[in-house]
Each structure stands twice: as C-alpha cells, then as structure tokens.
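Chain and residue survey
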Amino acid sequence: MARSRKYTKERTRDKGKKKRGTRKYGQAPMKYSHMGAHSCWYASGSFLLLLSAVWFAYSKHGQAAGFIGGFGILAMIFSAIGIRTGIKGMREREKRYIFCRLGIAANILILLGLIIIFIGGIRK
C-alpha cells in the first residue's frame with residue numbers, strides 16, 4: 001500500500017521539527033570555548049600553587065624562602081599563560097565566552113596579587 005504524498009511531506013516536516021528541537025531557528029546549540037576552560041584550569045592551578053606556598057611558609061616558619069619564591073614564580077607563569085589562553089579562546093567562533101571572561105579575570109587578579117606581594121617583599 002502506497003502512502004500518500006501529503007503523509008510523507010508531513011512526516012519529513014515533523015522529523016525536521018524534532019531534529020531542530022528547542023533551538024532557535026534550527027541553529028545548533030552554542031558550546032563553550034575550550035580555551036576558556038583551559039584558562040580557568042590555569043587559574044585554579046595558579047591559585048593552588050599560591051595556597052601551597054602559603055602553607056609551606058607557615059609549616060616551615062618562613063625558613064624556606066627559595067621554595068616559596070619558586071612557587072610564586074610558577075604561579076605567575078601559570079596565570080600569565082591563563083590570560084593568554086583566555087584571550088585566544090575569545091577568538092573561537094560561535095562559542096560561549098563566559099569561561100574565557102572568568103579565566104581572564106581570575107588570572108589577572110592572581111597575577112596582580114602576586115605582583116603586589118613581590119613588590120612588598122622587595123621594599124622590605
């Protein structure tokens with residue numbers, strides 16, 4: 001038994017509606033920027049290095065200046081790389097840039113905090 005032409009048109013139209021789903025005008029859903037996620041990971045790594053430096057200084061009663069300085073410099077490098085990856089993530093097309101913005105802001109705050117700490121140490 002052959003199906004009518006009207007039935008097949010309706011069926012293909014319904015398949016198209018189902019395929020589009022809740023997306024606006026049939027556009028694909030926007031994904032998050034991968035480089036923005038990497039930027040957030042760099043910010044968290046930098047913050048963990050900063051916390052470990054503070055903990056190490058507290059546990060050694062300030063007697064391990066070399067390790068603490070090394071952790072601080074590594075944290076500064078991580079935050080600078082995080083800023084760079086966040087900016088590179090803003091160049092990705094048709095993505096959501098919320099993680100890029102969060103990563104850039106967090107890395108800038110960490111970097112400024114570390115610079116202030118180092119300047120305070122030099123002035124002492």
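This text follows the structure it describes.
Each value, and the rule that gives it
- Residues numbered from 1 in each chain as written.
- Predicted model: local features only at pLDDT ≥ 70, side-chain atom pairs only at ≥ 80, totals over all residues.
- Heavy atoms only, no water.
- Helix = DSSP H or I, 4+ residues; strand = E, 2+ residues; numbered from the N terminus.
- Buried < 20%, exposed > 50% of the residue type's maximum accessible area, 1.4 Å probe, protein only.
- Contact = heavy atoms within 4.5 Å.
- Axes fitted to C-alpha atoms, helices over the stretch in contact; angles between N-to-C directions.
- Parallel < 35°, antiparallel > 145°, perpendicular 65-115°, else oblique.
- Left-handed = near helix turned anticlockwise from the far one by under 90°.

All right, on to the overall build of the protein chain then. Assigned secondary structure in the protein chain consists of 4 helices and 2 strands. Secondary structure elements of the protein chain occur, N-terminal to C-terminal, as α-β-α-α-β-α. By the burial criterion, 23% of the 124 residues in the protein chain qualify as buried. Pairs at least 24 apart in sequence give 77% of the contacts found in the protein chain among residues at least 6 apart.

Another point: the packing of helix H2 (residues 34-59) against helix H4 (residues 98-123). Between H2 and H4, the least distance of the axes is 7 Å, while the angle of their chain directions is 25°. For the element pair H2 / H4, the angle class is roughly parallel. Along this stretch, H2 crosses H4, giving a crossing that reads as left-handed. Contacts from Gly36, Ala37, Ser39, Cys40, Tyr42, Ala43, Ser46, Phe47 and Leu50 of H2 reach H4 at Phe99, Cys100, Leu102, Gly103, Ile104, Ala106, Asn107, Ile110 and Leu114.

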